[in-house]
Amino acid sequence: MFDSLKVDDKSGVPVWVQIRNYMIFLIRSGQLRPGDTLPTVRQLAVDLGVNYNTIHKVYQDLETDGLINSGRGRRSTIADIDRDSLDLPESPIDAVIEELVRVARESGITKQDVMTRVEEALANLG
C-alpha cells in the first residue's frame, strides 16, 4: 500500500509531513479502513528508506489526532473515525505553512515575528 509513496527530500515539505499526509489520504480515500493494521515503525522506515524516528513521529502525530490506535507491544491500527471529516492541505506549501504555525505556537513566537521572518526569507529569494 505504501509502495506508491515516494518521499522527496528536496520538496520543501518535511519528510514526516509528506508521510503523514499520504497516510491521511489513504485513510480518507478508504484504502485504509478502521481496524486495518499498519506496518511496524521499523518496517515502514526500512521500506521508505527513512529514519526510524521519522516514522515514529508520524505514528505519534496520527495517534494524537485520533487517527490511529497504538500502544507499546501492539501493532498500530486505523481508528474508527469519520473519513469525510479529515482535512488535507491543498498543496505542499499549505503543509509547510501549517507546520510553521504549529512550531511557532509551540515556541511562543508572536504572529508579527513570524510574519517578519517570512517576509525576510522571501526578500532573500531575490
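If you're wondering where the values come from, they're calculated on a predicted model, not measured in any experiment.

A. How the structure looks around the layout of surface pockets. Taken as a whole, the largest pocket holds about 380 Å³ of empty space. Lining the largest pocket we find 17 residues, and of these V41, S70, G71, R74 and S76 sit closest to its centre. Looking at the lining of the largest pocket, the elements that each hand over two or more residues are helix 2 (41-48), helix 3 (52-64), strand 1 (68-71) and strand 2 (74-78). Along the lines of polarity and charge, the residues of the lining of the largest pocket split into five nonpolar, seven polar and five charged. Each pocket or cavity is described by its volume, and for the second largest pocket that value is around 290 Å³. Forming the boundary of the second largest pocket are 13 residues, of which I97, L100, V101, V114 and V118 lie nearest the centre. Only helix 4 (92-107) and helix 5 (111-123) provide two or more residues apiece to the lining of the second largest pocket. Ranked by residue count, the leading element in the lining of the second largest pocket is helix 4, at seven residues. Of the residues assigned to the lining of the second largest pocket, the class counts are 10 nonpolar, one polar and two charged.

Reading the values: the criteria
Residues numbered from 1 in each chain as written. Predicted model: local features only at pLDDT ≥ 70, side-chain atom pairs only at ≥ 80, totals over all residues. Heavy atoms only, no water. 1 Å grid on protein atoms, 1.4 Å probe; cavity = no way out; pocket = protein on both sides within 12 Å on 5 of 7 lines; lining within 4 Å. Points joined across faces, edges and corners; volume = space filled by probe spheres on them. Helix = DSSP H or I, 4+ residues; strand = E, 2+ residues; numbered from the N terminus. Nonpolar A, V, L, I, M, F, W, Y, C, P; charged D, E, K, R; others polar.

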